[in-house]
Amino acid sequence: PNGEIMPLEEKWVVTISTQYGCSMGCKFCDVPKVGKGLNATLQDLQNQVFEGLKLHPEITTTKRLNIHYARMGEPTFNNNVLLHAMYLQNDILPFLGKSLIHPVISTMLPRKNKKLIDFLKSWCKIKNEIYKGDAGLQFSINSTSNEQREDMFRGNSLTLEEISEIGKLLPDPIGRKYALNFALADEYIINAERLKQLFDPAKFMCKLTPLHKTESCEENGIETTGGYESFTPYQKAETELKEVGF
């Protein structure tokens, strides 16, 4: 029902880990079982991309290479991510020539990261100036209820109001807007009107996905019913978000 898989010559996504383990402790994620988050080195990050690209030596060019800093770990704790993104074009040159690169940071907005705002401002500078807008920043929101967010992130993420204030500090995005990501579970709340009050639709877009079927989700009774089989779980949220301008 999701259509044909896009050929790698059209779009290739390499999703990498910025840490070994993670200290965020999210209830829906299995990574905390690995241990606390230890930062990947610059060479670690490079090697992950190299290993991904070496899987398909027959592909010598692509219209879009997404490098997604979104697997193990919270990327804003690791400044090597910023360095890695700055050198990506040189790194992929032997594999894919001058193919378009689109790096994406996905963050859970950690409460304990005292340098979070500095990291995000640096990333926006990379996005807007080095990549001329062809890069992404994604905030993991999942619910507009602070109570639900406090529970799912085990108190380790900022409140929506705090995230909203950070969003106001960020420069207007060139190219793609900043993304508010909602990995929807059955009980998670999306209040479109409240979201609009906190985040400007001219600056932010919304992304709707199912939660992955992890062991932790099963253990904690978190599920997106029909999430991988149909579009039904997202129709109401999509309609309401569009109605307010997202």
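Residues numbered from 1 in each chain as written. Predicted model: local features only at pLDDT ≥ 70, side-chain atom pairs only at ≥ 80, totals over all residues. Heavy atoms only, no water.

K.L.:
Please clarify how the sheet that holds strand E5 (residues 101–107) should be interpreted in this entry.
P.N.:
Remark on secondary structure: sheet strands pair via backbone hydrogen bonds, oriented parallel or antiparallel. Strand order in the open sheet formed by 6 strands is E1-E4-E5-E6-E7-E8, with parallel pairing between adjacent strands. Across the chains shown, the open sheet's two edge strands, defined by having one partner strand only, are strand E1 (12–16) and strand E8 (204–210). Within the sheet, the average angular offset between the axes of one strand and its neighbour, ignoring direction, is 25 degrees. Sheet analysis places E5 next to strand E6 (residues 136–140), joined by 4 bridges and oriented parallel. In the sheet register, Ile105 faces E6, and the bridge partner there is Leu137. (Pairing = 2+ DSSP bridges. Helix = DSSP H or I, 4+ residues; strand = E, 2+ residues; numbered from the N terminus. Axes fitted to C-alpha atoms, helices over the stretch in contact; angles between N-to-C directions.)

K.L.:
Just checking my understanding: could you explain the pattern of salt bridges for this structure?
P.N.:
Close approach of charged atoms allows side chains of opposite charge to pair. Taken as a whole and judged by the stated rule, the model has 11 salt bridges. Residue Asp134 is joined to Arg64 by a salt bridge in which the shortest nitrogen-to-oxygen separation is 4.0 Å. One end of the pair, Asp134, is in the loop between helix H4 (116–130) and E6; the other, Arg64, is in the loop between helix H1 (42–54) and strand E4 (65–69), with 70 residues separating them in the sequence. A salt bridge links Glu150 to Arg111; the shortest N-O distance between them is 3.6 Å. Here Glu150, found in helix H5 (residues 146–152), pairs with Arg111, found in the loop between E5 and H4; they are 39 residues apart in sequence, far enough to count as distant. (Salt bridge = Lys/Arg side-chain N within 4 Å of Asp/Glu carboxyl O.)

K.L.:
Which parts of the structure should I look at to understand empty space enclosed by the protein?
P.N.:
Rolled over the atoms, a probe sized like a water molecule indicates the empty space that remains. The final tally for this structure, using the stated rule, is 1 cavity of 30 Å³ or more. Counted as a void, the largest cavity has a volume near 50 Å³. As for the largest cavity, its lining consists of Arg111, Asn146, Arg149, Glu150, Phe153, Gly155, Asn156, Ser157, Leu158 and Thr159. Across the lining of the largest cavity, the residue classes break down as 2 nonpolar, 5 polar and 3 charged. (1 Å grid on protein atoms, 1.4 Å probe; cavity = no way out; pocket = protein on both sides within 12 Å on 5 of 7 lines; lining within 4 Å. Points joined across faces, edges and corners; volume = space filled by probe spheres on them. Nonpolar A, V, L, I, M, F, W, Y, C, P; charged D, E, K, R; others polar.)

K.L.:
Quick question: what am I supposed to make of the environment of Cys26 here?
P.N.:
If you trace the backbone, Cys26 turns up in the loop between strand E2 (19–20) and strand E3 (38–39). Residue Cys26 is classed as buried on the basis of its relative accessible area of 4%. In sequence terms Cys26 and Ser157 are 131 residues apart; their C-alpha atoms lie 9.4 Å from each other. For Cys26, the residues in contact, after removing those within four places along its chain, are Pro32, Met108, Met152, Phe153 and Arg154. (Buried < 20%, exposed > 50% of the residue type's maximum accessible area, 1.4 Å probe, protein only. Contact = heavy atoms within 4.5 Å.)

K.L.:
What am I meant to see in the layout of surface pockets here?
P.N.:
By volume, the second largest pocket amounts to about 200 Å³. Contributing to the lining of the second largest pocket are Leu184, Ala185, Asp186, Tyr188, Ile189, Ile190, Thr224, Pro233, Lys236, Ala237 and Glu240. If one sorts the elements of the lining of the second largest pocket by residue count, helix H9 (residues 232–243) sits on top with 4 residues. For the lining of the second largest pocket, the residue count by class is 7 nonpolar, 1 polar and 3 charged.

K.L.:
Please explain the packing of aromatic side chains as it appears in this structure.
P.N.:
Aromatic ring pairs are described here by two measures, namely the spacing of the ring centres and the angle between the planes. Taken as a whole and judged by the stated rule, the model has 6 aromatic pairs. Where Phe50 meets Phe95, the ring centres are 5.6 Å apart and the plane angle is 25 degrees; that geometry is what we call stacked. With a gap of 45 residues between them, Phe50 in helix H1 and Phe95 in helix H3 (residues 88–96) connect regions that are remote in the sequence. Accessibility expressed as a relative area gives 25% for Phe95, which makes it partly exposed. Put simply, the rings of Phe139, Tyr178, Phe199 and Phe204 pair up and form one aromatic cluster. (Phe/Tyr/Trp six-rings, centres within 6.5 Å; stacked < 30°, edge-to-face > 60°.)

K.L.:
I tried to follow H3 on my own but got confused; where do I start?
P.N.:
Side chains of residues three or four places apart in an α-helix project in the same direction, reflecting 3.6 residues per turn. Looking at H3, one finds that the buried residues are Leu88, Asp91, Ile92 and Leu96. Along H3, the residues classed as buried sweep out an arc of 100 degrees about the axis, all on the same side. Counted as exposed and oriented over 90 degrees from the buried face of H3: Asn90 and Pro94. In the core, the buried residues of H3 are packed alongside E1, H1, E4, helix H2 (80–86) and E5. (Arc of directions from axis to C-beta.)

K.L.:
What should I look at first to understand the environment of Leu137 in this one?
P.N.:
Within the element layout of this structure, Leu137 appears in strand E6. Since its relative accessible area comes to 1%, Leu137 is described here as buried. Spatially, the C-alpha atom of Leu137 lies 9.9 Å from that of His68, the residues being 69 residues apart in sequence. If we skip the residues at most four places from it in the chain, Leu137 touches Ile105, Thr107, Leu120, Trp123, Cys124, Leu170, Tyr178 and Ala179.

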